[in-house]
Amino acid sequence: MSAADKANSLAGDRDVIVIGAGPAGLSAALYLGRSRRQTLVVDAGEPRNAPAHSAHGVFSRDGATPAELVADARRQLERYPAVEVWRGKAETVEKGPSGFVVRTQDGRQARARRLLFATGIRDELPDIEGLAERWANGVLHCVYCHGYEIADQPVALIAAPDIAMRAVASVYQLTQNLVLCTNGEAMPEAEAGQLARRGIHVVEMKIDRISGDAPDLRLMFADGSELTRAAVFVRTILKDASDLPARLGCELDTPYGVVVGLDWQTSVPGAYAAGDIAAPKDQIIVAAASGAQAAIAINGDLVQADW
Ligand SMILES: Cc1cc2nc3c(=O)[nH]c(=O)nc-3n(C[C@H](O)[C@H](O)[C@H](O)COP(=O)(O)OP(=O)(O)OC[C@H]3O[C@@H](n4cnc5c(N)ncnc54)[C@H](O)[C@@H]3O)c2cc1C
């Protein structure tokens, strides 16, 4: 198909629809707006780090709240008339001869020549009573996001033995006052010995529940014993926040995410992905950078199609 045919066959009401307005989607929208691309952003308003009090490691914005980061980015988008933002959940996405059609849960629909998934991922927590209520407030997952704040404090790491050693080393770099809780699983003797030599205590007893507030979190074990810690690190299971890429037929990555090429395009031509679902090292700055890269690729693709 020639470039002109391609442009015609995908011609739609807008140039691009971006699904998701976290760091990836908003960064992409900024680049697309500045490229004068008619862009619709559809966002359900549930970014992954919303429960956290502050965001760290973000270039020039270290310590801002997640809500501030998103609100400032949204405000800056208002300068660009080509960008429109809809609050709502995209429910279906289809690819037809005249582009991608997105329908929202509240019955609106839009069509565009290109599509960007920036829908993010979600964290599934270990099934321990009291853990979910303290998520991002004493119960932490990422040493780069919140490790500095708990440096040298008493910390517990909840991790199964098969993944524990790597995780222990990361947390130990920040605090040596560390207890590893395997939550009912036996730690192999060799590894337990290595940990003991570094003064890391291992508790294999099943955790019954967690109570109290950081920095006095109480881990209550099945045998009635207790441990008080300033913070608890957990390993979460990462899942896609949206099944729209799968339903559109995009090749999926394992254990989560979407396969993209160097240009951030998925296996469905014209559909791109950025942010946590497509970029490694799920961090705000990385998600935003991938959104910018995807937007540049999309604009370049449209420029060539229209040339
Ligand atoms: C508790 C916690 C704390 C964190 N702290 C930090 C930190 O301090 N520093 C750091 O660098 N990183 C941190 N992260 C990681 C950071 O949150 C992610 O890397 C970043 O949010 C990824 O951006 P994203 O745009 O890919 O996805 P998200 O920020 O998750 O945004 C995705 C958006 O897409 C929307 N969406 C999904 N499906 C649909 C749909 N069908 N229709 C419409 N909208 C949809 C969602 O509602 C959401 O608004 C933290 C993560 C967690 C869990």
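Here the residue numbers are simple positions, counted from 1 along each chain's written sequence. For this predicted model, a pLDDT threshold of at least 70 governs which residues receive local features, and a threshold of 80 or more governs which side-chain atom pairs are given and counted, while totals over whole chains, interfaces and linings are taken from all residues. Excluding hydrogens and water, the side-chain figures rest on all heavy atoms present in the structure.

Trainee: Just to check I follow, could you spell out the side chain of arginine 134 for this structure?
Mentor: A run of H or I in DSSP counts as a helix once it spans at least four residues, and a run of E counts as a strand once it spans at least two, with each numbered from the N terminus. Within the secondary structure, arginine 134 is located in the loop between strand E7 (121–124) and strand E8 (139–140). Comment: no salt bridge for buried arginine 134; closest opposite-charge side chain is aspartate 213, at 4.6 Å. For the purposes of these results, a polar contact is taken to be a pair of N or O atoms within 3.5 Å, where, inside protein, one atom must be able to donate a hydrogen and its partner to accept one; residues adjacent in sequence count only when each atom of the pair is a side-chain atom. Of note is the side chain of arginine 134, whose polar atom sits 2.8 Å from the backbone oxygen of glycine 130. Contacts are assigned to residue pairs with any non-hydrogen atoms lying within 4.5 Å of each other. Non-local contacts of arginine 134, meaning those with residues more than four positions away in its chain, are made with Val139, Ile210, Ser211, Gly212 and Leu217. Think of it in three bands: residues with accessible area under 20% of the maximum for their type are buried, residues over 50% are exposed, and the middle band is partly exposed, with areas taken using a 1.4 Å probe on protein chains only. The positive count covers Lys and Arg only, the negative count covers Asp and Glu only, and His and the chain ends enter neither. One side-chain nitrogen of Lys or Arg within 4 Å of one carboxyl oxygen of Asp or Glu is enough to make a salt bridge.

Trainee: How should I be thinking about the packing of helix H2 (residues 23–34) against helix H3 (residues 66–77) in this particular structure?
Mentor: Interhelical geometry of H2 versus H3 gives an angle of 15° and a closest axis separation of 10 Å. One element, H2, and the other, H3, form an angle in the roughly parallel class. Pair H2 / H3 crosses with left-handed handedness. Counted together, Leu26, Ala29 and Leu30 of H2 and Val70, Ala73, Arg74 and Leu77 of H3 form the full contact between these two elements. As a working rule, the residues Ala, Val, Leu, Ile, Met, Phe, Trp, Tyr, Cys and Pro are called nonpolar, Asp, Glu, Lys and Arg charged, and the rest polar, with Gly in that last group. Residues that form the contact of H2 with H3 fall into these classes: six nonpolar, no polar and one charged. Note on definitions: angles span 0 to 180 degrees between N-to-C directions of axes, and those axes are lines fitted to C-alpha atoms, for helices only across the stretch in contact. Should an angle fall under 35 degrees it is called roughly parallel, over 145 degrees roughly antiparallel, and 65 to 115 degrees roughly perpendicular, with every other angle called oblique. Crossings are assigned a handedness: left-handed for a near helix turned anticlockwise from the far helix by less than a right angle, right-handed for a clockwise turn.

Trainee: What is the right way to read the pattern of salt bridges from this model?
Mentor: Side chains carrying opposite charge are able to pair once their charged atoms draw close together. One pass over the full model with this rule turns up 17 salt bridges. Notably, a salt bridge pairs arginine 48 with aspartate 123, separated by 2.6 Å at the nearest N-O pair. Pair noted here: arginine 48 is in the loop between strand E2 (39–43) and H3 and aspartate 123 is in strand E7, with a separation of 75 residues, a long-range link. The buried category is assigned to aspartate 123, whose relative accessible area is 17%. Put simply, arginine 247 and aspartate 243 hold a salt bridge, and the shortest N to O gap is 2.9 Å. The partly exposed category is assigned to aspartate 243, whose relative accessible area is 42%.

Trainee: Explain the nonpolar core to me, please; I cannot follow it from the model alone.
Mentor: A general tendency of soluble globular proteins is for nonpolar side chains to be buried together. Buried Ala, Val, Leu, Ile, Met, Phe, Trp, Tyr and Cys residues form a nonpolar core when they are joined through side-chain atoms within 4.5 Å. Ranked by internal contacts, the top residues of the largest apolar core, which has 48 residues, are Ile17, Ile19, Val93, Leu115, Leu116, Phe117 and Leu248. Each residue touching isoleucine 17, except ones within four places of it in the same chain, is listed here: Leu40, Val42, Phe100, Val102, Ala110, Arg111, Ala112, Arg114, Leu115 and Leu116. Among the nonpolar cores identified, the runner-up in size contains 20 residues, and Val143, Leu157, Ala164 and Ile200 belong to it.

Trainee: What's the story with the side chain of threonine 119 in this structure? I'm lost.
Mentor: By the element assignment, threonine 119 lies in the loop between strand E6 (109–117) and E7. Given a relative accessible area of 18%, threonine 119 falls into the buried group. Setting aside its immediate chain neighbours within four residues, threonine 119 contacts Ile19, Ala241, Ser242 and Ile277.

Trainee: It is not clear to me how the site of the ligand should be interpreted in this structure. Could you clarify?
Mentor: In the vicinity of the ligand, 37 residues are found, and the nearest of them are Asp43, Glu46, His56, Ala90 and Ile284. A distance of 2.8 Å separates a nitrogen atom of the ligand from a polar backbone atom of alanine 90. A distance of 2.8 Å separates an oxygen atom of the ligand from a polar backbone atom of isoleucine 284. About the coverage of the ligand: the protein hides 98% of its 1,000 Å² of free accessible area. Sorting the residues of the shell around the ligand by element identifies H2, E2, helix H4 (143–146) and helix H8 (284–306) as the ones contributing at least two each. What makes a residue near a molecule or strand is one non-hydrogen atom of that residue sitting within 4 Å of it. Each accessible area is a Shrake-Rupley result for a 1.4 Å probe, and residues are judged covered by the shown protein chains and nothing else.

Trainee: Explain the layout of surface pockets here, please?
Mentor: Empty pockets left among the atoms are what a rolling probe the size of a water molecule brings to light. Buried and open spaces are told apart on a 1 Å grid over the protein atoms alone, a cavity being a set of points where a 1.4 Å probe fits but cannot get out and a pocket being an open set with protein on both sides within 12 Å along at least five of seven lines. Residues with an atom within 4 Å of a point are the lining residues. Grid points are joined across faces, edges and corners, and a volume is the space filled by probe spheres set on the points. Reported here for the second largest pocket is a volume of approximately 1,000 Å³. Along its surface, the second largest pocket is lined by 29 residues, and His141, Arg235, Leu238, Lys281 and Asp282 are the ones closest to its centre. Those elements giving two or more residues to the lining of the second largest pocket turn out to be H4, helix H5 (161–172), strand E15 (231–234) and strand E16 (237–240). Take the lining of the second largest pocket: its biggest share by element is four residues, from H5. When the residues that make up the lining of the second largest pocket are grouped by side-chain class, the tally is 17 nonpolar, five polar and seven charged. Mapped onto the domain boundaries, the lining of the second largest pocket takes at least three residues apiece from domain 1 (3–123 + 237–306) and domain 2 (126–234). Start and end points for every domain follow an automatic or database-based domain assignment.

Trainee: Is there a simple way to think about the pairing of strand E4 (residues 90–96) in this case?
Mentor: Consecutive side chains along a regular strand alternate between the two faces of the sheet. Criterion used throughout: strands pair if DSSP finds at least two bridges between them. As judged from the six bridges shared by E4 and strand E5 (residues 99–104), these two strands associate in the antiparallel manner. Note on E5: the bridge partner recorded for threonine 92 is arginine 103. Linkage of E4 to E5, two consecutive antiparallel strands, is achieved through a turn of two residues.

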